[in-house]
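As a plain string of letters, each chain reads:
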Amino acid sequence: MSPFAKPSPEEHAELLAQIGALPLRGRAWPRWIGVIAWLIMLLILARLIATASSEAGQQIAPMVAGAALVCVAALLVMAWGIWTSETEISEYGLRQSWITRREVPWEQIQSTKFIPLVASKKLVCFVQKGRPVTFQAGTPELQAAFARISLVYRRRA
């Protein structure tokens, strides 16, 4: 048997039944991670304003100031993405809104790995072609579904 043997249609149907009513949607990141991201952004912005309005800030080269503003803008986009991103499990497969949309149909999943980190529970989906796709689960329901998916789609010997 191949190390990437997919579950049978019966096993897949049982998995979807165990997950419950589909589509299952929830936050991709826990709320507390989003709050921390925004608090850090407020601290960075306060420090940036304080520095820019000081005498030392008036002497910063325009290229350095521009680079700092680009970095702050990128951090704002990341904080917004953490706050608004949503993960969905459906009959189609897995989707997550992020800065770019991530999605993987069930048919393309070869195997998965569940990574239960403190700040984020992740499901890494190894697909037929291309790089693995990582999804985050910010709710207990999504985390439980990720663990079930990982058990069904584990590598088989």
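Structure first, text after, so check above.
Description of the structure in this document.

Some points on the sheet that holds strand S5 (residues 109-116)
Strand order in the open sheet formed by three strands is S5-S6-S7, with antiparallel pairing between adjacent strands. Both edges of this open sheet fall to S5 and strand S7 (133-137), since each of them pairs with a single strand only. Averaged over all adjacent pairs, the angle separating strand axes in this sheet is 20°, with direction ignored.

Re the nonpolar core
Counting 21 residues, the largest nonpolar core has Ile19, Ile89, Leu94, Trp106 and Ile149 as its most contacted members. Among the secondary structure elements, those contributing two or more residues to this core are helix H1 (9-19), strand S6 (121-127), S7 and helix H5 (140-152). Sorting elements by how many residues they give to this core places H5 first, with five residues. If near-sequence neighbours (up to four positions away) are discounted, Ile19 is found in contact with Leu24, Ile89, Ala145 and Ile149.

Quick notes on the packing of aromatic side chains
Counting across every chain of the model gives two aromatic pairs. Between Trp29 and Trp98, the ring centres sit 6.1 Å apart and the planes meet at 40°, which makes this aromatic pair tilted. Of the two residues, Trp29 sits in the loop between strand S1 (24-27) and helix H2 (31-53) while Trp98 sits in the loop between strand S3 (93-96) and strand S4 (102-105), which places them 69 residues apart along the sequence. Exposure class is identical for Trp29 and Trp98. Each is buried. Plain terms: the ring middles of Trp106 and Tyr153 are 5.9 Å apart, the flat faces sit at 20° to each other, and that makes the pair stacked. A residue pair is termed long-range when its members are at least 10 positions apart, and Trp106 in the loop between S4 and S5 and Tyr153 in the segment after H5 qualify at 47 residues. Residue Trp106 shares its accessibility class with Tyr153, and that shared class is buried. The ring of Trp83 has Arg27 sitting right over it, with the charged end atom 5.1 Å from the ring centre. The lysine or arginine in question, Arg31, covers the ring of Trp83, its NZ or CZ lying 4.7 Å from the ring centre.

Reading the values: the criteria
Residues numbered from 1 in each chain as written. Predicted model: local features only at pLDDT ≥ 70, side-chain atom pairs only at ≥ 80, totals over all residues. Heavy atoms only, no water. Pairing = 2+ DSSP bridges. Helix = DSSP H or I, 4+ residues; strand = E, 2+ residues; numbered from the N terminus. Axes fitted to C-alpha atoms, helices over the stretch in contact; angles between N-to-C directions. Core = buried A, V, L, I, M, F, W, Y, C linked by side-chain atoms within 4.5 Å. Buried < 20%, exposed > 50% of the residue type's maximum accessible area, 1.4 Å probe, protein only. Contact = heavy atoms within 4.5 Å. Phe/Tyr/Trp six-rings, centres within 6.5 Å; stacked < 30°, edge-to-face > 60°. Lys NZ or Arg CZ within 6 Å of the ring centre and 35° of its normal.

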